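Reading the structure
If you want the building blocks of each chain, they are given just below.
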Amino acid sequence: MIETERSVVVGDGASPTTSRLSWSRAVIFSAGVILAGILALPGRTVTTKYVNDLFVFLDGAHRIVLGQVPNVDFHSSLGPLTFYIPAAGYGLSGSMGGAMPAGMAILVFLLAAIAAEIVSSRMHKAFGLPLAIFLLLIVAAPANPGERIGELTFAMFYNRIGWASLGLLLVMYLPRLPAAGNSKAVDAACASFLVLLMLYTKITYGVVGLAFLLFMLFDRRQIGWVTLALGMIAVSSIAIEIVWRGGFNYLADLGLSAKNSGGLLALTALGHLVRNNLADLLVYLAVALIVLSLTPGYRHLLFVAFCGTTGILLIGQNFQTVGILTLGAGAAIITESLFRAKLLSRYGTARFALPLLLAFLLLPAALGNAASLAIHAYYTAGGRGKPIPLPAFSEIRLVEIWSAGQYEYFEGYNRTLADASAALSQLMSADERVAVLDFVNPFSAGLGLTPPVGDSVWYHWGRTLGPDDHPPAEEMFADVDLILDPKWPIEIWTGNGLRDLYAHYIARHYSLVRETADWRIYRRKAS
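An account of the accompanying structure is given in this report.

Procedures and definitions
- Residues numbered from 1 in each chain as written.
- Predicted model: local features only at pLDDT ≥ 70, side-chain atom pairs only at ≥ 80, totals over all residues.
- Heavy atoms only, no water.
- Core = buried A, V, L, I, M, F, W, Y, C linked by side-chain atoms within 4.5 Å.
- Buried < 20%, exposed > 50% of the residue type's maximum accessible area, 1.4 Å probe, protein only.
- Helix = DSSP H or I, 4+ residues; strand = E, 2+ residues; numbered from the N terminus.
- Contact = heavy atoms within 4.5 Å.
- Salt bridge = Lys/Arg side-chain N within 4 Å of Asp/Glu carboxyl O.
- Patch = residues over 30% accessible without salt bridge, like charges linked within 9 Å, V, L, I, M, F, W, Y side chains within 5 Å.
- Areas by Shrake-Rupley, 256 points an atom, 1.4 Å probe, with all protein chains shown as cover.
- Axes fitted to C-alpha atoms, helices over the stretch in contact; angles between N-to-C directions.
- Parallel < 35°, antiparallel > 145°, perpendicular 65-115°, else oblique.
- Nonpolar A, V, L, I, M, F, W, Y, C, P; charged D, E, K, R; others polar.
- Phe/Tyr/Trp six-rings, centres within 6.5 Å; stacked < 30°, edge-to-face > 60°.
- Lys NZ or Arg CZ within 6 Å of the ring centre and 35° of its normal.
- Expected span 1.5 Å × (residues − 1).

1. Observations regarding the nonpolar core
Generally speaking, nonpolar side chains in soluble globular proteins are found buried as a group. Counting 143 residues, the largest nonpolar core has Leu131 and Phe212 as its most contacted members. No other element matches helix α5 (residues 96-122), which puts 14 residues into this core. Residues in contact with Phe212, not counting those within four places in the same chain, are Leu169, Leu170, Met172, Tyr173, Phe303 and Phe306. Within the second largest apolar cluster, 15 residues are counted, among which are Ala435, Leu465, Ile483 and Tyr522.

Printed below as a string of structure tokens:
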């Protein structure tokens, strides 16, 4: 019997001691605190790519600080927490450069507390600790999942929140260990927090989380906390809507996005995803076959299928081609259930193969995320890189690590921002409001301007708007004094599409007042 299994068998036979569970909780929580500190303490942001995506969240945070409410005062197909998280980070750090790191550090801290409770009460330390750290690193690393080490970005951070939250929720498939006791209220609070976090950050993850809770209703051992969690989610959603009053607008914005971005994955796209993730899928299948052959059961089979299917569907609607992060969590969870069954001592091959297969699923992503976090800390602590040339963004630095093409591309974008900033300083008065015919408007937050009301923080051709489905011009520009039309948009399809859609409205209501090397600037005509 290997040492890992022996400790599990002793734990199940003699009940793990309270001190052992407390030690596991302390390690997980301490790891989260350390990761949060590494992320937030420098108080700066370093990025190598997707700079325009970063501006989306900072624009939303700036609007919130000035009193605007997501989906009430501005449109977004992303949940309101996508903007309240950086707004909280801005409040904590006091600068736009610290907004994203500090906001994500707050979230890492909260998820570490949840992980300490969920994982330590349900998994032996040999499997629970690696899984918990793997999930916390997903949230803490300023990098898009599946991309190369050193490609630093806070873009699409909501996907990392979704993957990690869903992974922690999946751990609740396992009943509590005997020494952990039976705390329905604590379990329900943890589950409802995770589902609400997903629902109000990116709704697709929240839908999967709700589906998992419905699946768990068929487990008579855990039905108590599941029903309580569903009730807490329902009550919380009603309370949030009473305060927020943006829920129906949120669904309308999601509907507009769905019309433009299409429906389910096409077979061709599905084939590409399977091919790009084939190694992970085969390893996950091997783990599943080993576990199901030793402890057959329909619940395990359904759980394995749920983790794999929902993971493929989620990555299919992300800007991500590699890294189905439910596979590692699902494999660790079903392996834990096998160790609880005390069967591995009879099967020598399985007891050695399973830890290696789990390491294949967990270790590369964990090491990559840890390296990205360390690189970000190194560059931010030293103040390296070129600052974004807008006053409020001076603590956001563009750095060149290994992707020279990306650096040159966004360096050119920065040049256009400096050009627009100089022109606006000569043209506008303090109370005028600016819109940009491009992917994002960085000037309200970057120059400390009052943002318009009724527009969107994010325009993406074929995703949030298109030729047939788009916001009306009367709504988008109702509160806009100056329109900036870029000659070199950061997202060319979006820039060209916006110009074509709203050209007639702009011609009727605005006059060209300045043309620079990079911009055409229009001012609203006098009534």
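2. Points about the pattern of salt bridges
Taken as a whole and judged by the stated rule, the model has 21 salt bridges. In this structure, Arg122 and Asp187 form a salt bridge, with 3.0 Å as the shortest nitrogen-oxygen distance. On the criterion of sequence distance, the pair formed by Arg122 in helix α5 and Asp187 in helix α8 (residues 184-199) is long-range, its members being 65 residues apart. Owing to a relative accessible area of 0%, Arg122 belongs among the buried residues under this scheme. Exposure remark for Asp187: the relative accessible area of 2% places this residue in the buried category. A salt bridge links Glu395 to Arg397; the shortest N-O distance between them is 3.9 Å. According to the relative accessible area criterion, Glu395 is partly exposed, its value standing at 26%. Residue classification places Arg397 among the buried positions, given a relative accessible area of 13%.

3. Digging into unusual backbone geometry
A positive phi angle, close to 55°, is found at Met156, a residue other than glycine. Position of Met156 among the secondary structure elements: in the loop between α6 (125-140) and α7 (157-171). Exposure remark for Met156: the relative accessible area of 5% places this residue in the buried category.

4. Description of a nonpolar patch on the surface
Taken together, Leu267, Leu270, Val274, Leu278, Leu282, Leu285 and Leu289 make up a surface patch of nonpolar side chains, about 640 Å² in accessible area. Elements with a minimum of two residues in the nonpolar patch: α12 (267-276) and α13 (278-294). Per element, the largest residue contribution to the nonpolar patch is four residues, and it comes from α13. By the element assignment, Leu270 lies in helix α12.

5. Digging into the environment of Pro391
Mapped onto the fold, Pro391 is located in the loop between β2 (386-387) and β3 (396-398). Taking relative accessible area as the criterion, Pro391 reaches 60% and is therefore assigned exposed. Not counting residues up to four positions away in its chain, the partners in contact with Pro391 are Gly446 and Leu447.

6. A short note on the packing of α8 against helix α9 (residues 203-216)
Contact geometry for α8 and α9: axes closest at 6 Å, N-to-C directions at 150°. Relative to α9, α8 is oriented roughly antiparallel. From α8, Ala191, Val195, Met198 and Leu199 reach across to α9, where they touch Ile203, Tyr205, Gly206, Val207, Gly209, Leu210 and Leu213. For the contact of α8 with α9, the per-class residue count stands at nine nonpolar, two polar and no charged.

7. Points about the packing of aromatic side chains
Where two aromatic rings form a pair, the distance of their centres and the angle of their planes describe that pair. For the structure on display, the rule yields 24 aromatic pairs. Between Tyr173 and Phe303 the ring centres are 4.1 Å apart and the planes differ by 15°, which places this aromatic pair in the stacked class. Of the two residues, Tyr173 is situated in the loop between α7 and α8 and Phe303 in helix α14 (residues 298-316); the sequence distance between them amounts to 130 residues. Relative accessible area serves as the criterion here: at 2%, Tyr173 is assigned to the buried category. Accessibility expressed as a relative area gives 0% for Phe303, which makes it buried. An angle of 10° between the planes, with centres 6.5 Å apart, marks the rings of Phe215 and Phe306 as stacked. Separated by 91 residues along the polypeptide, Phe215 in helix α9 and Phe306 in helix α14 bring together distant segments of the chain. Neither residue differs from the other here; Phe215 and Phe306 are each classed as buried. Members of the aromatic cluster, connected to one another through ring pairs, are Tyr173, Phe212, Phe215, Phe303 and Phe306. The ring of Trp23 has Lys125 lying over it, and the distance from NZ or CZ to the ring centre is 5.3 Å.

8. Thoughts on α9
With 14 residues, α9 ought to run about 20 Å at 1.5 Å a step, and its terminal C-alpha atoms sit 20 Å apart, in line with that. Turning to α9, its buried residues number three or more, namely Tyr205, Gly206, Val208, Gly209, Phe212, Leu213, Phe215 and Met216. For α9, the elements touching its buried residues are α7, α8, α10 (223-244) and α14.

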